[in-house]
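The lines below spell out each chain.
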Amino acid sequence: MSSRRNFIKYILSGIIGFPLLKGIRANYKPKVVVIGGGFGGSTVIKYLEKYIEKLDLILIEKKKNFYTCPFSNYVIGGFRDINQNKFSYHNMIKRGVNVVFDNVKYIDSENKKIQLNNIKISYDWLVLSPGIGFKWDSIIGFNKKDSIKYPIAWSGGQDSSMLFKKINSLEDNSKLIIVPPDYPYRCPPAPYERACLIAHFLKKKKRKFKIIILDKKDSFTKKELFLSVWKKLYPNSIEWIPRSKGGIVNEFNSKENYVVLKSGQKVFGDFFNLIPDQKASDLIFSSRLSSQEWCQINPVTFALKNHSNIHVIGDSINAWDMPKSAFSAYSQAKVCAENLKNIIFENKIEAPVFLNTCYSLAAENYGFSISSWYRTNSEKNRIVSLGSKSSPTNASNAERAREARESYDWYSSITQELYS
Ligand SMILES: Cc1cc2nc3c(=O)[nH]c(=O)nc-3n(C[C@H](O)[C@H](O)[C@H](O)COP(=O)(O)OP(=O)(O)OC[C@H]3O[C@@H](n4cnc5c(N)ncnc54)[C@H](O)[C@@H]3O)c2cc1C
């Protein structure tokens, strides 16, 4: 009898946990910790908030403000202020979510503990949406330190403003070099949209210029659309050199302002935007959660392979046919939240469907898009595309303006839903 009393006392004092929580007790709130308050993480929070009475819900985010990558190319194109892309967590906190601002150093998955700068936090279930990391060895001569002087502008924030300042200070007849990453990477059309919006700005400023895109790839998303708008809006100003025509860049020489192609040829420039190849967030590797470059997950629950009670969504995962985008992260997060809730409360697991719409602007009021639908295959071990629809290459200016407006509608609806 006394050992039973002690057992109850230990549970109430939190000394004994219920790691698997099968048959949850009425007075115990399972602790769900979400790491990363970007698109994926904030969506999981939003959809689990409905159960806040039954769950102990915590968000850990290292930055006080979230600057979105979507619309950061508009800042680089000179027609959007960076502060319009800035969101705080105040409203989330007001809604009752426990937000911890700290940097997660690593996750001790065996003991279900999260190491922050100074403290440890335990969890019953963990959801990770920490974004991407860079492969710093993908371009010789370009490492993390160099990216301060030559901003990559691939994580939102002040980098985009810095890149804009550089573009704004370019002289007439400047040569700009953009080096997109190899697949898979965050936001596949973004390097090509960036080329358009830089061209848009320089053209408006009546500068003569040439943008050269040196690509490791032979194709890219919405290629036909981009090629046709380059011809129409910026004739002879944007040149795309694919892999098969020698576009692979091996090296960067920042002292003498040139890149070296695989052939050994040097290409000199007045402006460089080098975007390294990518992998899952550094947190995944510091925590030894994946032996591969991208997290392998269950596409129905987003549970991480070989790690029970950890779920991963967004850019850090291999999502098969789904691209790495905010729209995808949002769509995956809704499924993850729903099925995580079903696991915790022992309800039926739902079969998921996913959606991604990706808008690109080629000028301030000139947009186009591609939408795709996805579900899991019959073995339920991968996400497969059900089809897609993209804007026509011969659309009128009015249709392009409508699509540009739609992109603003999408952006304001997702950011309002998550951060207001
Ligand atoms: C130029 C550009 C334009 C884009 N445009 C679009 C677009 O128009 N539409 C679209 O759908 N997608 C777009 N994207 C892609 C989109 O930004 C990403 O796919 C999306 O942000 C992925 O969401 P996520 O939750 O995986 O990562 P993120 O949104 O990057 O969130 C990750 C969060 O985790 C936090 N974090 C990371 N590590 C830690 C740690 N150790 N401790 C604590 N917190 C941590 C970060 O601070 C960050 O807040 C664009 C990307 C770029 C680069």
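The model shown is predicted, which means the values in this text are computed figures rather than measured ones.

Trainee: Would you take a moment to explain the pattern of salt bridges for this structure?
Mentor: Pairing between side chains of opposite charge can happen when the charged atoms of each approach one another. Applying the stated criterion to the full structure yields 11 salt bridges. In this structure, Glu364 and Lys204 form a salt bridge, with 3.7 Å as the shortest nitrogen-oxygen distance. Note that Glu364 is positioned in the loop between strand S20 (353–363) and strand S21 (366–376) and Lys204 in helix H7 (residues 190–204), a separation of 160 residues in sequence. Residue Glu406 is joined to Arg402 by a salt bridge in which the shortest nitrogen-to-oxygen separation is 2.6 Å. A residue pair is termed a helical-turn pair when its members lie 3 or 4 positions apart in one helix, as Glu406 and Arg402 do in helix H11 (residues 397–419) at 4 residues. Classification of Glu406 by relative accessible area gives partly exposed; the value is 28%.

Trainee: I keep staring at the nonpolar core and nothing clicks. Help me out?
Mentor: Nonpolar side chains in soluble globular proteins tend to end up buried together. With 125 residues, the main nonpolar core has Ile35, Ile60, Ile107, Ile114, Ile211, Leu214 and Trp230 as its most contacted residues. When residues in this core are grouped by element, the largest group, 10 residues, is from helix H10 (residues 326–344). Lining this core are residues from two domains, each supplying at least three of them: domain 1 (18–62 + 102–131 + 281–419) and domain 2 (138–278). Setting aside its immediate chain neighbours within four residues, Trp230 contacts Tyr192, Cys196, Ile213, Phe220, Pro235, Ile238 and Trp240.

Trainee: Whenever I open this one, the packing of aromatic side chains confuses me. Can you help?
Mentor: Working definition: an aromatic ring pair is given by the centre-to-centre distance plus the angle between the planes. Applying the stated rule across the entire model yields 30 aromatic pairs. Seen in terms of ring centroids, Tyr192 and Phe220 are 3.7 Å apart; in terms of plane orientation they differ by 5°. Their pairing is stacked. Here Phe220 lies in the loop between strand S12 (209–214) and helix H8 (223–233) and Tyr192 lies in helix H7, a separation of 28 residues in the sequence. Per residue, the accessibility class of Tyr192 equals that of Phe220, and both read buried. Plain terms: the ring middles of Phe220 and Trp230 are 6.1 Å apart, the flat faces sit at 35° to each other, and that makes the pair tilted. A residue pair is termed long-range when its members are at least 10 positions apart, and Phe220 in the loop between S12 and H8 and Trp230 in helix H8 qualify at 10 residues. The pair Phe220 / Trp230 is uniform in exposure class, with both members buried. Positioned over the ring face of Phe345 is Lys54, at 5.6 Å from the centre of the ring.

Calculation notes
- Residues numbered from 1 in each chain as written.
- Predicted model: local features only at pLDDT ≥ 70, side-chain atom pairs only at ≥ 80, totals over all residues.
- Heavy atoms only, no water.
- Salt bridge = Lys/Arg side-chain N within 4 Å of Asp/Glu carboxyl O.
- Helix = DSSP H or I, 4+ residues; strand = E, 2+ residues; numbered from the N terminus.
- Buried < 20%, exposed > 50% of the residue type's maximum accessible area, 1.4 Å probe, protein only.
- Core = buried A, V, L, I, M, F, W, Y, C linked by side-chain atoms within 4.5 Å.
- Domains from an automatic or database assignment.
- Contact = heavy atoms within 4.5 Å.
- Phe/Tyr/Trp six-rings, centres within 6.5 Å; stacked < 30°, edge-to-face > 60°.
- Lys NZ or Arg CZ within 6 Å of the ring centre and 35° of its normal.

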